[in-house]
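One-letter residues, chain by chain:
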Protein chains: 2
Amino acid sequence: MPRYTAPTKDMQFLLHEVLNVTGQDVPGYDEIEPDFTAAVLEEAGKIASEVLTPLNVVGDTEGCVLENGVVRTPTGFKDAFEQMKEGGWPGLDMPEQYGGQNMPVVIGTAVGEMFSGANQAFTMYQGLTHGAASAILAHGTDQQKDTYLPNMVSCDWTGTMNLTEPHAGTDLGMMRTKAEPQGDGSYKITGQKIFISAGEHDMAENIVHLVLAKITGAPEGIKGVSLFIVPKFLVNEDGSLGARNGVACGKIEEKMGIHGNSTCVMNYDEATGYLLGEEHKGMRAMFTMMNEARLGVGMQGLAQAEVAFQNALDYAKDRLQGRDVTGVKNPDGPADPLIVHPDIRRSLMEQKSFAEGGRAFLLWGATLIDRAHRGKDADADGLISLLTPVIKGFLTDKGYDMTVQAQQVYGGHGYIEEWGMSQFTRDARIAMIYEGANGVQALDLVGRKLAQDGGKHVLAFFDLVKGFIKENEGDEALKADFLDPLKAASKDLQAAGMYFMAEGMKNPNNALSGSYDFMHLFGHVCLGLMWAQMAKAAQAALDGGTSDPDFYETKLATGRFYMKRQLPMTATHLARIQTGAEPVMALDAANF
Amino acid sequence: MPRYTAPTKDMQFLLHEVLNVTGQDVPGYDEIEPDFTAAVLEEAGKIASEVLTPLNVVGDTEGCVLENGVVRTPTGFKDAFEQMKEGGWPGLDMPEQYGGQNMPVVIGTAVGEMFSGANQAFTMYQGLTHGAASAILAHGTDQQKDTYLPNMVSCDWTGTMNLTEPHAGTDLGMMRTKAEPQGDGSYKITGQKIFISAGEHDMAENIVHLVLAKITGAPEGIKGVSLFIVPKFLVNEDGSLGARNGVACGKIEEKMGIHGNSTCVMNYDEATGYLLGEEHKGMRAMFTMMNEARLGVGMQGLAQAEVAFQNALDYAKDRLQGRDVTGVKNPDGPADPLIVHPDIRRSLMEQKSFAEGGRAFLLWGATLIDRAHRGKDADADGLISLLTPVIKGFLTDKGYDMTVQAQQVYGGHGYIEEWGMSQFTRDARIAMIYEGANGVQALDLVGRKLAQDGGKHVLAFFDLVKGFIKENEGDEALKADFLDPLKAASKDLQAAGMYFMAEGMKNPNNALSGSYDFMHLFGHVCLGLMWAQMAKAAQAALDGGTSDPDFYETKLATGRFYMKRQLPMTATHLARIQTGAEPVMALDAANF
């Protein structure tokens, strides 16, 4: 069975030596000192390895079963969910007022990566609850908050997001689910939603569905969409559970992976719903969930890459096959371990440098959220808004690729289910699709985020990169190995942006045809920046006479690999972008 | 349910306008005139669409079941297998002497792509039989040929390849399966083989296992390996079936895909076996199968990409979602079809340009085999030997990527099993692994094939590219759009080869660390060459006043896309290669 070991040491390095959290001017960051975060991460890591990991294969094998309207989760899920609740993990970064522990998002993100890496399907139940609770927190009335949040923060009640309908996926303006006002402030919700993760299950007393629907007489399209709270059981005034609401799971989808999570068709038949936020402004409220969810999905990509890498590494060290061409390494054995072979190394280094670079990117993103929310910093808010599609799209695409590479290390053993590597690939695949397929992320990035606030945030990103390079270019080693490649990659990104500005004006398709390449180009520059920052921190530790030089030397070597072997990809992305729309759009649809 | 439409028109274009088969000086090619190949391809295409396609999902859903030593194939497989046999398809390119139709390999390959695209798991039963028959044909005694071939060519008996053992995959020298001579010319085979495709099933009267084993007292390692024929039922002198042999399926593996094919653990317990070829030269005999199988696997990668593309294209035309930013295209509908969106186009063009370029590459490879075997052309033999790992590695890696992209076009619908897109991805995944994982293909290419016969074959390849460019550079349009990019890509490939020569001498890891990138670089140059040749043929048809200008204009536009958007990847591969071993090998295994 695959193992999962929480990357606690790497997270501590990132939090305290790279991101320097306690030194940041963000409310609450003064409390997350190294000893404290170490304790939290250790504890979370233990749960991930000991409680969630063993259930990962069980979830995949058993899946969820719908019988008489009730969904049975896999054996052991309910007990584990109780353990998570008892430990207070679901409310880690939720307000104390509602029973949470009020920790910063950066801690919630680090812990979230562990849980997702150990068991993605399981962790989604609480992840979606977290997203739904955030939306109520941001847009709910005091009464709504008091009614739902304490139960959702504890995960006694779980939450869902209901957007997609059979004919309306990305294009939510076409949705047909209706909301009829009842005069008492409530609405009757009728319609069908599909692909509802954790839509129905047996681990919570109540399920709070957040449902997009159109109020009778609403404007056409996306501007007529409102968001509603539709609880599975109505809630009495005293907070106790009342009658069953008119919502039911009609079917569980058979999926490629994440079998442990119930993906439901949800049927709403005059279900009682309560408006969340303003009429016809449902998308705004939903985007509170969506943005959080997109970062969470980026995290899933990274998390699956990490766990797959850990197991591929073990296998590469254990499996004896062939001999090192430069000289036998295991003379007493019948063969050398796989890890002696250069192409296996290449694959492992790609995986390792992605996982560590991606983790830095994700945690940096989390600090921007903390800075935006806790520090009311509009610039941080703008920057994370720009980076969100990059985190989601790049980390899930690459995360998936890395699970495929990890599976490949096992040869035929990677293809059979027995070793668990196929599950990582199958589970990771969904992250490229849900919460906005990655093509939609690229569109969001190029079509919306780049130009937001007059392009202010992308300029701020370039300033940040330039500032870091300038500040550190006196360091010869850092300059040659990290700053120069970062500068080159960043220039490619700027050139792509310039191309979009110049050619996108003439024809928006000149920009949109390169949107996917741009998202990846941007992702590489972000990971390049992360590696340059990590290298600086590692060098500082070595210069300071650390007692653990291997860790920091390894960090530097891994970073050099990324800069030399992965970052040059920016040039190809730029070349593709600069061909514009013509080669992409040349064919009539009929001639394909 | 997904559809499959055989790409007959594209194949005819390749055979007769690009490869110009009837004009080639290869025995038997004079018979494969356009009318004849059209008839064969039409018929094969019908079987693919009507018989094999409907069984693809059935095979995936039902899988194979082992009960009391008997493997039950999915519902309908047996009937379809009978239909294939009745049509004589399994022996299409086998000698008439043994009941085959003696057609060239290029026809067998085109037909094989259709069958594989329609149902990979099903087609493997006859594909493996074909490989085993080829090995007997090349290395068997007359008596062995007479005993086994007529029944294998007809697929009354099927065949298997038995290489892998639990501890010995790529490193076959470590195998433990023993062969004890019995004095009567036969051997007793004892041992366990794993991952045996079609190892046991209910569609054939007999199964002819080709098994690698070590004869008692054989030399250590790979030089002590011999190949044996081990039939499931012993064959009496009159050709009738005798006693059950000591071979049995111990288990069927649970796999990520190709569920319709039974992947067996095969236990040999003093099974009677007959030496095929010479003692201790089993690898040579096995490589007759392996080389054929590797081309067949490359074909599978392409075939899955093609069928996935066809369905993604249908979906992109049908599914209404969002509006064209440059102007509404479907004013009477609630939204425009997906295909108006540039990023969907990008994805479809990547899929289309790969499938058509890959098909050209594969069929060209097949003509080289015909030229080598039928025409006794040693140069063609050397060239296809060089290209085999490229065909296998590049077409399966890219083929898989394309199934993932096709799945992505469906959004959430691509992740649920209902639409069938997940199966294409899951089935295509194995092709990167079996018959030598793609890392092993890269090693074979760089470590063996490049330098083979003093580097003669790779030089011949470069001459071929240069010759084509030189011959056609008077054509302005062809030069700018096709020849110049091909020249640039080919220069990158040469530079990589030079780097390997110079730096690989100092340290072989400098070459091996870049082997995977080299395989992909080589693949891109091959597809670039194919597109240049196709463009020339398309332009000739247009200049000649074809009655179907859309087909040829589309061909040119698709080729331009490949040259502009895909071929520039060679620069990044070269950049990676030129970093050598240092970044890849920097870490101690313990420090990962």
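**Observations concerning the interface of chain A and chain B**
Line of reasoning, step 1. Contacts between chain A and chain B engage 93 residues on the former and 93 residues on the latter.
Line of reasoning, step 2. At the boundary of chain A with chain B, total buried surface from both sides reaches about 7700 Å², with 60% on carbon and sulfur atoms.
Line of reasoning, step 3. The three residues of chain A that bury the most area against chain B are Tyr415(A), Arg565(A) and Phe592(A), which together make up 12% of that side's buried surface.
Line of reasoning, step 4. For the pair chain A and chain B, the interface holds six salt bridges.
Line of reasoning, step 5. A salt bridge links Arg565(B) to Asp517(A); the nearest nitrogen and oxygen atoms lie 3.7 Å apart.
Line of reasoning, step 6. The tally of links between chain A and chain B comes to 46 residue pairs in polar contact (both at pLDDT 80 or more).

**Quick notes on the environment of Ala138(A)**
Line of reasoning, step 1. Mapped onto the fold, Ala138(A) is located in helix H5 (residues 120-139).
Line of reasoning, step 2. As for Ala138(A) and Thr288(A), which are separated by 150 residues in sequence, their C-alpha atoms are 7.5 Å apart.

**Considerations on helix H15 (residues 515-543) of chain A**
Residues and elements named next belong to chain A.
Line of reasoning, step 1. In this model H15 runs 42 Å from its N-terminal to its C-terminal C-alpha over 29 residues, within 8% of the 42 Å that 1.5 Å per residue would give.
Line of reasoning, step 2. Burial within H15 is extensive, with 25 of its 29 residues counted as buried.
Line of reasoning, step 3. Gly-545, located one to two residues past H15, shows a positive phi value of around 75°.

**Regarding the layout of surface pockets**
Line of reasoning, step 1. Approximately 1000 Å³ is the volume found for the second largest pocket.
Line of reasoning, step 2. For the lining of the second largest pocket, the secondary structure elements donating two or more residues are helix H2 (34-62) and helix H10 (421-431) of chain A together with helix H2 (34-62) and helix H11 (421-431) of chain B.
Line of reasoning, step 3. By residue class, the composition of the lining of the second largest pocket is eleven nonpolar, 13 polar and 15 charged.

**Section: the packing of helix H12 (residues 452-472) of chain A against helix H13 (residues 476-506) of chain A**
Residues and elements named next belong to chain A.
Line of reasoning, step 1. H13 packs onto H12 with a crossing angle of 155° between their chain directions and a minimal axis gap of 10 Å. On the basis of the axis angle, H12 is roughly antiparallel to H13. The two elements H12 and H13 cross, and the hand of that crossing is left-handed. Listed contacts from H13 to Phe-461, Phe-462, Val-465, Lys-466, Phe-468, Ile-469 and Asn-472 of H12 are Leu-478, Leu-483, Leu-486, Lys-487, Ser-490, Leu-493 and Gln-494.
Line of reasoning, step 2. When the residues that make up the contact of H12 with H13 are grouped by side-chain class, the tally is nine nonpolar, three polar and two charged.

**Section: the side chain of Gln408(A)**
Line of reasoning, step 1. Its location among the elements puts Gln408(A) in helix H9 (residues 378-409).
Line of reasoning, step 2. Its relative accessible area of 15% is what places Gln408(A) among the buried residues.
Line of reasoning, step 3. Polar side-chain contacts of Gln408(A) include one of 2.9 Å to the side chain of Arg429(B).
Line of reasoning, step 4. Setting aside anything within four residues of it in sequence, one finds Gln408(A) in contact with Arg429(B), Met432(B), Ile433(B), Ala437(B) and Asn438(B).

**Focus: the domain arrangement of chain A**
Residues and elements named next belong to chain A.
Line of reasoning, step 1. Here chain A is partitioned into domain 1 (8-138), domain 2 (158-281) and domain 3 (450-586).
Line of reasoning, step 2. Listed as interface residues are six residues of domain 1 and, on the opposing side, nine residues of domain 3.
Line of reasoning, step 3. When domain 1 packs against domain 3, the two sides together hide about 630 Å² of surface, and 66% of this comes from carbon and sulfur.
Line of reasoning, step 4. When residues of domain 1 are sorted by the area they lose upon contact with domain 3, Lys-9, Phe-13 and Glu-17 head the list and together hold 65% of the total.
Line of reasoning, step 5. Along the contact surface separating domain 1 from domain 3 lie two salt bridges.
Line of reasoning, step 6. Where Asp-10 meets Lys-555, a salt bridge forms, and the shortest distance between an N and an O atom there is 2.4 Å.
Line of reasoning, step 7. Here domain 1 and domain 3 share three residue pairs in polar contact (both at pLDDT 80 or more) between them.
Line of reasoning, step 8. Residue classes in the side of domain 1 that touches domain 3 are distributed as three nonpolar, no polar and three charged.

**Section: the packing of aromatic side chains**
Residue and element names in this part refer to chain A.
Line of reasoning, step 1. For the structure on display, the rule yields 34 aromatic pairs over all chains.
Line of reasoning, step 2. Their ring planes at 20° and their centres at 4.1 Å tell us that Tyr-315 and Tyr-410 sit as a pair that is stacked. One end of the pair, Tyr-315, is in helix H7 (residues 282-318); the other, Tyr-410, is in the loop between H9 and H10, and 95 residues separate them in sequence. Accessibility classification places Tyr-315 together with Tyr-410 in one group, the buried group.

**Some thoughts on the nonpolar core**
The nonpolar side chains of a soluble globular protein tend to be buried with one another.
Line of reasoning, step 1. With 210 residues, the main nonpolar core has Phe461(A) and Phe522(A) as its most contacted residues.
Line of reasoning, step 2. The contact partners of Phe522(A), leaving out residues within four places of it in the chain, are Leu386(A), Leu387(A), Val390(A), Leu445(A), Val458(A), Phe461(A) and Leu493(A).
Line of reasoning, step 3. Formed by 182 residues, the second largest nonpolar core is a distinct cluster that contains Met11(B), Met175(B), Ile215(B) and Phe551(B).

**Considering the relation of the copies chain A and chain B**
Line of reasoning, step 1. When chain A is brought onto chain B, the operation consists of a screw motion whose angular component is 180° and whose axial shift is 0.0 Å, with 0.0 Å RMSD remaining. Both chain copies can therefore be described as sitting about a two-fold axis. In terms of proximity to the rotation axis, the leading residue of chain A is Thr572(A), whose C-alpha is 3.3 Å off the axis.
Line of reasoning, step 2. By residue overlap, the copies meet face to face through one surface: 100% of the interface positions of chain A are interface positions in chain B.

**Focus on the packing of helix H1 (residues 8-18) of chain B against helix H4 (residues 105-118) of chain B**
Residue and element names in this part refer to chain B.
Line of reasoning, step 1. Running from N to C, H1 and H4 cross one another at 160°; their axes reach a closest spacing of 11 Å. For the element pair H1 / H4, the angle class is roughly antiparallel. For the crossing formed where H1 meets H4, the hand is right-handed. Judged by residue contacts, Thr-8, Met-11 and Leu-15 of H1 engage Val-106, Ile-107, Ala-110, Glu-113 and Met-114 from H4.
Line of reasoning, step 2. Taken together, the residues of the contact of H1 with H4 break down into six nonpolar, one polar and one charged.

Rules behind the numbers
Residues numbered from 1 in each chain as written. Chains lettered and ligands numbered in written order. Predicted model: local features only at pLDDT ≥ 70, side-chain atom pairs only at ≥ 80, totals over all residues. Heavy atoms only, no water. Contact = heavy atoms within 4.5 Å. Buried area = accessible area lost by both parts, 1.4 Å probe. Salt bridge = Lys/Arg side-chain N within 4 Å of Asp/Glu carboxyl O. Polar contact = N/O pair within 3.5 Å; in protein donor to acceptor, adjacent residues only side chain to side chain. Helix = DSSP H or I, 4+ residues; strand = E, 2+ residues; numbered from the N terminus. Expected span 1.5 Å × (residues − 1). Buried < 20%, exposed > 50% of the residue type's maximum accessible area, 1.4 Å probe, protein only. 1 Å grid on protein atoms, 1.4 Å probe; cavity = no way out; pocket = protein on both sides within 12 Å on 5 of 7 lines; lining within 4 Å. Points joined across faces, edges and corners; volume = space filled by probe spheres on them. Nonpolar A, V, L, I, M, F, W, Y, C, P; charged D, E, K, R; others polar. Axes fitted to C-alpha atoms, helices over the stretch in contact; angles between N-to-C directions. Parallel < 35°, antiparallel > 145°, perpendicular 65-115°, else oblique. Left-handed = near helix turned anticlockwise from the far one by under 90°. Domains from an automatic or database assignment. Phe/Tyr/Trp six-rings, centres within 6.5 Å; stacked < 30°, edge-to-face > 60°. Core = buried A, V, L, I, M, F, W, Y, C linked by side-chain atoms within 4.5 Å. Least-squares fit on C-alpha atoms with pLDDT ≥ 70 in both.

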